[in-house]
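Summary of structural features
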Amino acid sequence: LPMAETIKGTTLEHQRAMVVHIVESVTARDGAVEADDILPRMEARPFFGVWQSRPRTDSNRRRAP
């Protein structure tokens, strides 16, 4: 089944569990989320080819001493 149908056909608890395993981060802008605002986890990226080339910066950069 397509992912959207699979997610819609489950309980809210299962939906949350699936999203936790697939999504690394989500950026909301003015209370809205668009497809480009969702970053899948590294291991899920091959299934979401549109995000494979998206540049990503590390939000937890550490400076060298």
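It should be noted that the structure appears before, not after, this text.
Rules used throughout
Each chain carries its own residue numbering, running from 1 in the written order of its sequence. Reporting of local features is limited, given that this is a predicted model, to residues whose pLDDT is at least 70; pairs of side-chain atoms are given and counted only at 80 or more, and all residues count toward the totals for whole chains, interfaces and linings. Excluding hydrogens and water, the side-chain values take into account all heavy atoms of the structure. Put simply, DSSP H or I for four residues or longer makes a helix, DSSP E for two residues or longer makes a strand, and each gets a number counted from the N terminus. The classification of residues rests on relative accessible area computed with a 1.4 Å probe and restricted to protein chains. Under 20% of the type maximum is buried, over 50% is exposed, and intermediate values are partly exposed. Contacts were defined at the residue level, with two residues in contact if any of their heavy atoms lie within 4.5 Å. The method behind every accessible area is Shrake-Rupley, applied with a 1.4 Å probe, and residues are considered shielded solely by the protein chains displayed. Any Lys or Arg side-chain nitrogen found within 4 Å of a carboxyl oxygen on Asp or Glu counts as a salt bridge.

**Re the overall build of the protein chain**
Within the protein chain one finds two helices and two strands. Reading the protein chain from its N end, one meets helices and strands in the order α-α-β-β. Within the span of the protein chain, comprising 65 residues, buried residues form 12% of the whole. For the protein chain, the share of sequence-separated contacts (at least 6 apart) that also reach a separation of at least 24 residues comes to 4%. Carbon together with sulfur atoms contributes 55% to the accessible area of the protein chain, which is approximately 5,800 Å² in total.

**Digging into the pattern of salt bridges**
Counted under the stated rule, the structure contains two salt bridges. Linking Asp37 and Arg29 is a salt bridge whose minimum nitrogen-to-oxygen distance equals 3.0 Å. Overall, the relative accessible area of 6% leaves Asp37 in the buried class. Classification of Arg29 by relative accessible area gives exposed; the value is 51%.

**Considering unusual backbone geometry**
Phi is positive for Asp30, which is not a glycine, with a value near 55°. Here Asp30 shows up in the loop between β1 (23–26) and β2 (38–40).

**Brief notes about the environment of Val23**
Checked against the element boundaries, Val23 lands in strand β1. Along the chain, Val23 and Pro40 lie 17 residues apart, while their C-alpha atoms are 4.2 Å from each other. With near-sequence residues (within four places) excluded, Val23 lies in contact with Ile38, Leu39, Pro40 and Arg41.

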